[in-house]
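Observations on chain architecture
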Amino acid sequence: AVTIWTDSREPVIARMRNFYGMLRVTDRLSDRGWIRELKHGPIRHGFQYLRSEEHDWPTSYYGPHSGIGTVLSTIAGPRRVAVIGLGSGTLAAWGRPGDTFRFYEINPAVEQVARTWFSFLKDSKARVEVVQGDARVQLENELSQGHSRDFDVIALDAFSGDAIPLHLLTAESGEIYKQHLAPGGCLLVHISNRSLDLEPVTRGLAAHSGWPAVLFASGPHEETGESSSHWVLITANSELLKHPAIAGRVSRWAQLAPIGWTDDFVSLWHVVRF
């Protein structure tokens, strides 16, 4: 069950609690005007400017300087994009006419929040779909129904909290993503996390797939409403990796050996930030 309530004593538009925890929607005044923000516990999962001039900007971790923004700006359409993790729906702002953005979200309250208090999904120029349930299970079900090679981009955006879905970063999950990617497609993993360093895990995932991986580390940009973010691009598309817009923004890896997770063995010990 989902419980919704407001509290006039706090600057909160709505709060929702269910099995997955507490969601809060708040309005606050920023340097660029009023924004609406979604938080799951202490972790921000997107915000939207309330002024019409910036209402459809892809903000926070998804702006034009981010890894995901860089890649989406480079790929010609029409594009089929799968996004694991909905948040406020910010990535839908990158949708163009003819695109399909398909979000996978395990928490039903998140979709309710995204559709009720944010307008990224509604205002997107793309066709937007939201699939409820565990993303890996849903993707496996779609493969069993004959749906494969159907995405140009798969974006994994479920790892910003301190209790991450480990099963989405194992070698076995990587095989599922590869089967869903169209020829030349790419996997993007959002690894910005205050508690865990997931860079070596994504490098291990890339090593298992046999595909090259590059890191995009971008800083905050107040003029576009962007937060600092780290994204990893994994793809066999050499032409995409050579594109000047992508090659010019690649960052250096840290000096950490790749770590391979499997369904049989996952350890957080080597990725915890002390």
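It should be emphasised that the depicted structure is a prediction, and the values quoted were computed from it without experimental measurement.

Definitions and cut-offs
- Positions within a chain are numbered from 1, following the residues in the order the chain's sequence is written.
- For this predicted model, a pLDDT threshold of at least 70 governs which residues receive local features, and a threshold of 80 or more governs which side-chain atom pairs are given and counted, while totals over whole chains, interfaces and linings are taken from all residues.
- To obtain the side-chain values, all non-hydrogen atoms of the structure were used and water was disregarded.
- Only buried residues count toward a nonpolar core. Its members are Ala, Val, Leu, Ile, Met, Phe, Trp, Tyr and Cys residues joined through side-chain atoms within 4.5 Å.
- Here's how the labels work: a residue is buried when its accessible area is under 20% of the maximum for its type, exposed when over 50%, partly exposed in between, all with a 1.4 Å probe on protein chains only.
- Numbering goes from the N terminus for both helices and strands, where a helix is a DSSP run of H or I of at least four residues and a strand is a run of E of at least two.
- Fitted lines through C-alpha atoms give the axes, limited to the stretch in contact for helices. The angle between two N-to-C directions lies from 0 to 180 degrees.
- In what follows, roughly perpendicular refers to angles from 65 to 115 degrees, roughly parallel to angles under 35, roughly antiparallel to angles over 145, and oblique to any angle outside these ranges.
- In this scheme, a crossing is called left-handed if the near helix is turned counterclockwise away from the far one by less than a right angle; it is called right-handed if the turn is clockwise.
- Should any heavy atoms of two residues lie within 4.5 Å, those residues are considered in contact.
- Each residue receives one of three labels: charged for Asp, Glu, Lys and Arg, nonpolar for Ala, Val, Leu, Ile, Met, Phe, Trp, Tyr, Cys and Pro, and polar for the others, Gly being one of them.
- For two strands to be treated as a pair, DSSP must find no fewer than two bridges joining them.

Let's shift gears to the nonpolar core. By size, the foremost hydrophobic cluster in this structure holds 40 residues, and its most contacted members are Ile 68, Val 71, Leu 91, Phe 103, Val 113 and Leu 233. Counting residues per element, this core draws most heavily on helix α2 (residues 108-117), at 5 residues. Within the second largest apolar cluster, 30 residues are counted, among which are Leu 139, Leu 187, Leu 205 and Ala 213.

What follows deals with the packing of helix α5 (residues 171-180) against helix α6 (residues 199-209). To describe two helices that pack against each other, one gives the angle between their axes and the distance between the axes. Running from amino to carboxyl end, α5 crosses α6 at an angle of 60 degrees, the nearest separation of the two axes being 9 Å. Classified by the interaxial angle, the pair formed by α5 and α6 is oblique. Considering the relative orientation of α5 and α6, their crossing is right-handed. Touching Ala 171, Gly 174, Glu 175 and Lys 178 of α5 are Leu 205, His 208 and Ser 209, all from α6. Of the residues belonging to the contact of α5 with α6, the class tally is 2 nonpolar, 3 polar and 2 charged.

Another aspect to go through is the sheet that holds strand β8 (residues 127-132). Strand order in this open sheet of 7 strands is β8-β7-β6-β9-β10-β12-β11, and the pairing throughout is mixed. The sheet terminates laterally at β8 and β11 (213-218), the two strands that pair on one side only. Looking at each pair of strands side by side, their axes are set apart by 20 degrees on average, direction ignored. Here strand β6 (residues 80-84) runs beside strand β7 (residues 100-105); their pairing, made up of 5 bridges, is parallel. Bridge pairing in β7 places Ile 84 opposite Tyr 104. Sheet strands in contact with helix α4 (residues 135-144) are β6, β7, β8 and β9 (151-156), and its direction is about 125 degrees off that of β7. Across the sheet, α5 is in contact with β6, β9 and β10 (181-190); its angle to β10 comes to roughly 135 degrees.

Okay, unusual backbone geometry next. Along the chain, Gly 77 connects to Pro 78 via a cis peptide bond; the corresponding omega equals -5 degrees. Among the secondary structure elements, Pro 78 is positioned in the loop between α1 (67-74) and β6. Non-glycine residue Ser 60 carries a positive phi angle of around 55 degrees. Counting through the fold element by element, Ser 60 comes out in the loop between β5 (43-49) and α1. Accessibility expressed as a relative area gives 1% for Ser 60, which makes it buried.

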